[in-house]
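# Inside the fold
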Amino acid sequence: MSTAPPPPRMNDDLGRAHYQAAVGSAIVAGVFTLVVCGFLAAAHIRTQRLDFQNSEDLTALRAGIVKASDAGEITKLKEELRARDLQMRAEYFHRQAFSRSGGYLIGAGALIFVIAAARAAACRKRLPMPAVDSQAARRAVRMIGLARVSVIALGVALGGSGLLLGVLASRSPTDEAAAPSPAGTQPQPFPDPTGGGTETPGTAPAMVGEPPSPAEIAKQWPRFRGPGGNGVSAYTNVPATWNAKTGENILWQTPVPMPGENSPVVWGNRLFLTGADEKNRVVYCFDTATGKLLWQQPVVTPQDATAQPPDKLDDTGFAAPTLATDGRRVAAIFANGDLACLDHDGKIVWAKALGLPLNQYSYGSSLVVYRNLVLVLWDQGTVDDYMSRLLAFDAETGKVLWQKRRPVAASWATPLVAGVGGQ
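My aim in this report is to walk through the structure given alongside it, one point at a time. (Residues numbered from 1 in each chain as written. Predicted model: local features only at pLDDT ≥ 70, side-chain atom pairs only at ≥ 80, totals over all residues. Heavy atoms only, no water.)

Looking now at the overall build of the protein. Looking only at helices and strands, the protein features five helices and 13 strands. Within the protein, buried positions represent 36% of all 423 residues. Summed over its atoms, the accessible surface of the protein is roughly 24,500 Å², and 59% of this surface lies on carbon and sulfur atoms. (Helix = DSSP H or I, 4+ residues; strand = E, 2+ residues; numbered from the N terminus. Buried < 20%, exposed > 50% of the residue type's maximum accessible area, 1.4 Å probe, protein only. Areas by Shrake-Rupley, 256 points an atom, 1.4 Å probe, with all protein chains shown as cover.)

As structure tokens, then:
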């Protein structure tokens, strides 16, 4: 019957000190790793319970808005709904960051455990006994002291990391400062308003004429969250429920060639989407009656060959912004800063590279087309960087008609055009 090898001989004080230090370090690292795993498991369970669609709080607030008849009460409920939704989303991103930090700590703890365990195993091997050394006992005493100090220091370091992780787990995301910009990422200079080498000539002629009337726009779905940007349709005979697996209230289904987290926009019998990866950006047009892909148009600018792809989250992607259309043109923007305007037959009117935005979550602001303007919210960097702008491009030529600096950090909002005081 085999047995485990005995620990180092008692008279080998130096080897014994090494062995005890390695075992102590392995125990501390192992316990720390298990504790962090417990924290992450609990955080994962809590994150899975964050269901935006089926939240009881949000459902109750939506129901209250539908039932309310007083305009003041409706406004109050809407503000509560927005605040609660924002709180839940902030909590979700906070827990994602917490999970990433915990993963790094688990990796560090596991690495220390493996190294310490390997060192302890090496110390247990029977080695030939060296000749008697009169100074060995004195060195062993010093080594034992150093071993104890190293184990205590390791325990304090790992314990402090665990305590920090626990504090982060219980800290409200609203108390945290804005995340720093990614290291090594430099903002790209904004292109010259005249195009200055950043613009790709269009293949379609510029379109002129009167813009569509508000009544005509109201019948379409021309931008993110519909004609008013409020998620309200002009039609009342639309299905309130559907099931893609069973086909309930589904007219057609069709694959989209490339991934994109944007929303569809519709004008007449045409539905537009975008898709992108690290190297390619494409605008798609589908038939609303059949789902047939009518055309797909790549968006390419001269800078694409040398530009680095943007950093992105898995749930953001390279084509998160939603397009916008006015019935004659459709405008699209991508995470790498490529902006393009196409006609409804898929021909590019103009395209230009705005440069890679400095945004820690990747760019996600959707576009708005108003009369002859393509409105772009170009928020990036920090408040102190003063890089954020609201830009208005001529929809027919791509020329910058005006731009307004904004004293804000990177954001992911979308512009709204609203009537205020008759304007």
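Running from N to C, helix H2 (residues 56-67) and helix H3 (residues 71-124) cross one another at 160°; their axes reach a closest spacing of 9 Å. Relative to H3, H2 is oriented roughly antiparallel. Crossing geometry of H2 relative to H3 is assigned as left-handed. Taken together, the residues of H3 that come into contact with H2 (itself represented by Asp57, Leu58, Leu61, Arg62, Gly64 and Ile65) are Ile74, Leu77, Lys78, Glu80, Leu81, Arg84, Asp85 and Met88. Taken together, the residues that form the contact of H2 with H3 break down as seven nonpolar, one polar and six charged. (Axes fitted to C-alpha atoms, helices over the stretch in contact; angles between N-to-C directions. Parallel < 35°, antiparallel > 145°, perpendicular 65-115°, else oblique. Left-handed = near helix turned anticlockwise from the far one by under 90°. Contact = heavy atoms within 4.5 Å. Nonpolar A, V, L, I, M, F, W, Y, C, P; charged D, E, K, R; others polar.)

Right, let's talk about the pattern of salt bridges for a bit. Taken as a whole, this structure holds six salt bridges when the rule is applied. Residues Arg281 and Asp338 are paired through a salt bridge, measuring 3.1 Å at the closest nitrogen-oxygen approach. Of this pair, Arg281 sits in strand S4 (residues 281-287) while Asp338 sits in strand S8 (residues 338-343); the two residues are 57 residues apart in sequence, bridging distant segments of the chain. Of the residues examined, Arg281 reaches a relative accessible area of 7% and is grouped as buried. In the salt-bridge network here, residues are joined through shared partners; they are Asp326, Arg328, Arg329 and Glu396. (Salt bridge = Lys/Arg side-chain N within 4 Å of Asp/Glu carboxyl O.)

This part takes up the sheet that holds strand S5 (residues 293-298). The strand order S2-S3-S4-S5 describes an open sheet built from four strands, whose pairing is antiparallel. Two strands bound the open sheet, and with one partner strand each, they are strand S2 (265-267) and S5. On average, adjacent strands in this sheet sit at an angle of 25° to one another, irrespective of strand direction. As paired strands, S4 and S5 are joined by five bridges and run antiparallel to one another. Following the sheet pairing, Val283 is matched in S5 by Gln297. (Pairing = 2+ DSSP bridges.)

Time to look at the side chain of Gln380. The residue Gln380 is located in the loop between strand S11 (373-378) and strand S12 (389-394) in this model. Of note is the side chain of Gln380, whose polar atom sits 2.9 Å from the backbone nitrogen of Leu358. (Polar contact = N/O pair within 3.5 Å; in protein donor to acceptor, adjacent residues only side chain to side chain.)

The subject of this paragraph is H2. Residues lying three or four places apart along an α-helix face the same way, a consequence of the helix completing one turn every 3.6 residues. Its twelve residues give H2 an end-to-end C-alpha distance of 16 Å, which sits within 8% of 16 Å, the value for a rise of 1.5 Å per residue. Considered for burial, the residues of H2 that qualify are Leu58, Leu61, Gly64 and Ile65. Buried residues of H2 fall within an arc of 125° about the axis and therefore sit on the same side. When the buried face of H2 is taken as reference, the exposed residues oriented beyond 90 degrees from it are Glu56, Val66 and Lys67. Contacts made by the buried residues of H2 are with H3. (Expected span 1.5 Å × (residues − 1). Arc of directions from axis to C-beta.)

Taken as a whole and assessed by the stated rule, the structure comprises four aromatic pairs. Centre to centre, the rings of Tyr284 and Phe286 are 6.4 Å apart; their planes meet at 40°, and the pair counts as tilted. Judged by its relative accessible area of 0%, Tyr284 falls in the buried class. Taken together, a centroid distance of 5.1 Å and an interplanar angle of 55° make the contact between Tyr363 and Trp378 tilted. On the criterion of sequence distance, the pair formed by Tyr363 in the loop between strand S9 (348-353) and strand S10 (368-370) and Trp378 in strand S11 is long-range, its members being 15 residues apart. Comparing Tyr363 with Trp378, the two get one shared label, buried. (Phe/Tyr/Trp six-rings, centres within 6.5 Å; stacked < 30°, edge-to-face > 60°.)

In space, the four strands of this open sheet follow the order S10-S11-S12-S13, with antiparallel pairing throughout. The open sheet is flanked by S10 and strand S13 (400-405), the only strands paired with a single partner. Direction aside, neighbouring strands of the sheet carry axes that sit 20° apart on average. Summarising the sheet, S10 and S11 pair through three bridges and their orientation is antiparallel. When the sheet's bridge partners are listed, Val369 is paired in S11 with Val374.

Turning our attention to H3. The terminal C-alpha atoms of H3 lie 79 Å apart, and with 54 residues this matches the ideal 80 Å at 1.5 Å per residue to within 8%. All of the buried residues in H3 are Leu77, Leu81, Met88, Glu91, His94, Arg95, Phe98, Gly102, Gly109, Ala116, Ala120 and Cys123. Between a side-chain oxygen at the N-terminus of H3 and the backbone nitrogen of Gly72 the separation is 3.1 Å; the capping residue is Asp70.

Glancing now at the nonpolar core. In terms of nonpolar packing, the biggest core is built from 18 residues, with Ile333, Leu339, Val374, Val376 and Phe393 touching the most fellow members. Mapped onto this core, the elements with two or more residues apiece are strand S7 (329-333), S8, S9, S11 and S12. Counting residues per element, this core draws most heavily on S11, at three residues. Apart from the residues within four sequence positions on either side, Ile333 is in contact with Pro321, Asp338, Leu339, Leu354, Tyr363, Ser365, Leu367, Val376 and Trp378. If you look at the next biggest cluster of nonpolar residues, it comprises 17 residues, including Val299, Phe318, Phe334 and Ala340. (Core = buried A, V, L, I, M, F, W, Y, C linked by side-chain atoms within 4.5 Å.)

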